[in-house]
Amino acid sequence: MINTALLRIGQPKSVLNKRQKEFNQLSEKIEQLDHLIPELKSARDQIIQRIPTDLNPLVMEFQAFRVEMVNLMDRTYTNDLFRNAYQTKLAYLITENAFDLIANYGFDELKAVYNKYSEVDIETALEYATQKSAEKITDPAFLIEQEPERQTEFPENFHELPEEEQQRIKEAHRTERLQARIQEAKLNMDKQKTTKSVRTVYMDLVKAFHPDLETDENEKLRKTEIMQRVIGSYQNNNLLELLKLQIEFDRIDQDHLENLTKNQLNYYNKVLKQQVEDLEIEKEMIQKEISSLCGLPYQHANSLTTVIVKFNTNVNEVKAEIKNIKIILKHWQTPSQLKAYLKTYQIPNEEEMDMGDD
């Protein structure tokens, strides 16, 4: 069971210092993310469940109509209405659509049609596409290299400078390196103290609820359940949840929070900041999964309703495309209708063809 009550210092109208305000802001942000992340996970899981039943069959129905369209253009290619310019456009449309249908949807029956109109046979084209795909960077993490250790940089004319000036520059570099080491040591010490602050809360709960020394079986079971929550929160470095557990089981009260020392609040706030950062990363990862599933910009995936509405829109768009392609196929059964389309069609990245007089 997760305690969802908002943990805050003071009452809404209390006069708080900067650190107390920061604690409350971080606590509120964590609570928001703790509610949003499960909601987004639910949205993602619903889409994953619906894709095979609600979307994929429609997509494949639409692709099947595209196969009919390719075969129709193939049959119409030699029609007397079509001179070379029209045939060039037809050949382009046939090969482009056939390749996509073969490579991405498995309609291998179009391979023979593709080979009729392409200078490169389909197997070669597929192999080339696979190679190009493999060359794409899908995860740039491997490009990130460790930053090399900074080397001491002296002016180009360093050795031409007077000895006194050389010594001054060397001393300045030594001071800079020393300051960097001191700063690193301070950061490490701070990290140890923030970790210790979480562990202090954790150990208080462990001492109170460790079940091993309990003789009463019912009480032992209760403490075991509490300890599972305590250990889970500690493993996740979830200071906020540990503090809630302390309050829930009367290990501390509200006055304890309001009387935290300056140093305690500093360390608590550092832990909570890290928790917010970790939750933001988790949220963004789920948002990007949702984006890849339904095309919603990941920054807009901020509620279950928004995500499901987008998915339903995708389904309705495919239905509309099916309706439209059926109409096109019906029209193109008449060669003059197909010719009218080809007259206005422009092959990408090519100069407009002179179609002449009809």
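Residues numbered from 1 in each chain as written. Predicted model: local features only at pLDDT ≥ 70, side-chain atom pairs only at ≥ 80, totals over all residues. Heavy atoms only, no water.

(A) Inspection of the overall build of the protein chain at higher detail. For the protein chain, the helix and strand inventory stands at 11 helices and 0 strands. Looking at the protein chain as a whole, 34% of its 358 residues qualify as buried. Across the protein chain, every contact between residues at least 6 apart in sequence was considered, and the portion connecting residues at least 24 apart equals 67%. (Helix = DSSP H or I, 4+ residues; strand = E, 2+ residues; numbered from the N terminus. Buried < 20%, exposed > 50% of the residue type's maximum accessible area, 1.4 Å probe, protein only. Contact = heavy atoms within 4.5 Å.)

(B) The arrangement of helix α1 (residues 18–76) in detail. If you look at α1, its biggest bend is around 60 degrees, right at Ile-51, and the proline Pro-52 turns up within four residues after that. By the N-cap criterion, in which a side-chain oxygen at the helix start approaches the backbone nitrogen of a residue two or three places on, α1 is capped by Asn-17, the distance to Arg-19 being 3.1 Å. (Bend = angle between axes of the 7 residues up to and from the residue. Polar contact = N/O pair within 3.5 Å; in protein donor to acceptor, adjacent residues only side chain to side chain.)

(C) Molecular detail of the environment of Gly-232. Its location among the elements puts Gly-232 in helix α6 (residues 217–235). Taking the C-alpha atoms as reference points, Gly-232 and Leu-242, 10 residues apart in sequence, are found 9.5 Å from one another.

(D) Spotlight on the pattern of salt bridges. As enumerated under the stated definition, the model contains 13 salt bridges in all. Of the charged contacts in the structure, one is a salt bridge between Glu-280 and Lys-29, with a shortest N-O distance of 3.4 Å. With Glu-280 in helix α9 (residues 262–294) and Lys-29 in helix α1, this pair connects stretches of sequence that are 251 residues apart. Judged by its relative accessible area of 24%, Glu-280 is partly exposed. Judged by its relative accessible area of 30%, Lys-29 falls in the partly exposed class. (Salt bridge = Lys/Arg side-chain N within 4 Å of Asp/Glu carboxyl O.)

(E) Structural context of the confidence of the model for the protein chain. For the protein chain, the mean per-residue pLDDT works out to 82, and 79% of the residues sit at or above 70. Looking over the protein chain, one finds the lowest element-wise mean pLDDT in helix α5 (residues 163–209), namely 66, and the highest in helix α10 (residues 304–332), namely 96. Here residues 137–150 scores under 50 on pLDDT; set against residues more than four positions off or in separate chains, the count is 3 contacts. Here residues 189–194 is a poorly scored stretch, pLDDT under 50, and it has 6 contacts once near neighbours within four places are set aside; other chains count. (pLDDT = per-residue confidence, 0-100.)

(F) Focus on the environment of Asn-17. With respect to the helices, strands and loops of the structure, Asn-17 is situated in the segment before α1. Along the chain, Asn-17 and Lys-262 lie 245 residues apart, while their C-alpha atoms are 9.9 Å from each other. At 3.1 Å, the side chain of Asn-17 forms a polar contact with the backbone nitrogen of Arg-19. Polar side-chain contacts of Asn-17 include one of 2.8 Å to the backbone nitrogen of Gln-20.

(G) Examining the packing of aromatic side chains more closely. In total, this model carries 6 aromatic pairs according to the counting rule given. Consider the rings of Phe-82 and Tyr-86, whose centres lie 6.2 Å apart with planes at 45 degrees: the pair is tilted. Taking relative accessible area as the criterion, Tyr-86 reaches 1% and is therefore assigned buried. Following the ring pairs from residue to residue traces out a cluster consisting of Trp-332, Tyr-341 and Tyr-345. Directly above the ring of Tyr-298 sits Lys-288, whose terminal nitrogen or CZ lies 5.0 Å from the centroid. (Phe/Tyr/Trp six-rings, centres within 6.5 Å; stacked < 30°, edge-to-face > 60°. Lys NZ or Arg CZ within 6 Å of the ring centre and 35° of its normal.)

(H) Representation of the packing of α1 against helix α2 (residues 84–105) in the model. One way to put it is that α1 packs onto α2 with a least axis distance of 10 Å and a crossing angle of 145 degrees. Of the two elements, α1 crosses α2, and the hand of that crossing is left-handed. Side by side, α1 and α2 meet where Val-59, Met-60, Gln-63, Arg-66, Val-67, Val-70, Met-73 and Asp-74 of the first sit next to Leu-90, Leu-93, Ile-94, Asn-97, Ala-98, Asp-100, Leu-101 and Tyr-105 of the second. In the contact of α1 with α2, the residues fall into 11 nonpolar, 2 polar and 3 charged. (Axes fitted to C-alpha atoms, helices over the stretch in contact; angles between N-to-C directions. Left-handed = near helix turned anticlockwise from the far one by under 90°. Nonpolar A, V, L, I, M, F, W, Y, C, P; charged D, E, K, R; others polar.)

(I) The packing of α1 against α10, seen in detail. Direction vectors running N to C along α1 and α10 enclose 10 degrees, while the axes themselves pass 10 Å from each other. By the angle between their axes, α1 is roughly parallel relative to α10. (Parallel < 35°, antiparallel > 145°, perpendicular 65-115°, else oblique.)

(J) Helix α7 (residues 239–248), seen in detail. Burial analysis of α7 places 8 of its 10 residues in the buried class, the great majority of the element. Looking only at α7, the buried set comprises Leu-239, Leu-240, Glu-241, Leu-242, Leu-243, Lys-244, Leu-245 and Gln-246.

(K) Expanded view of the side chain of Thr-95. Note that Thr-95 resides in helix α2. At 3.0 Å, the side chain of Thr-95 forms a polar contact with the backbone oxygen of Ala-91. One polar contact links the side chain of Thr-95 to the main-chain carbonyl oxygen of Tyr-92, over a distance of 3.0 Å. If we skip the residues at most four places from it in the chain, Thr-95 touches Tyr-114, Tyr-117 and Ser-118.

(L) Examining the environment of Thr-305 more closely. You can see Thr-305 is positioned in helix α10. You can call Thr-305 exposed: its relative accessible area is 55%. Thr-305 sits 266 residues away from Glu-39 along the chain, and the two C-alpha atoms are 9.5 Å apart.

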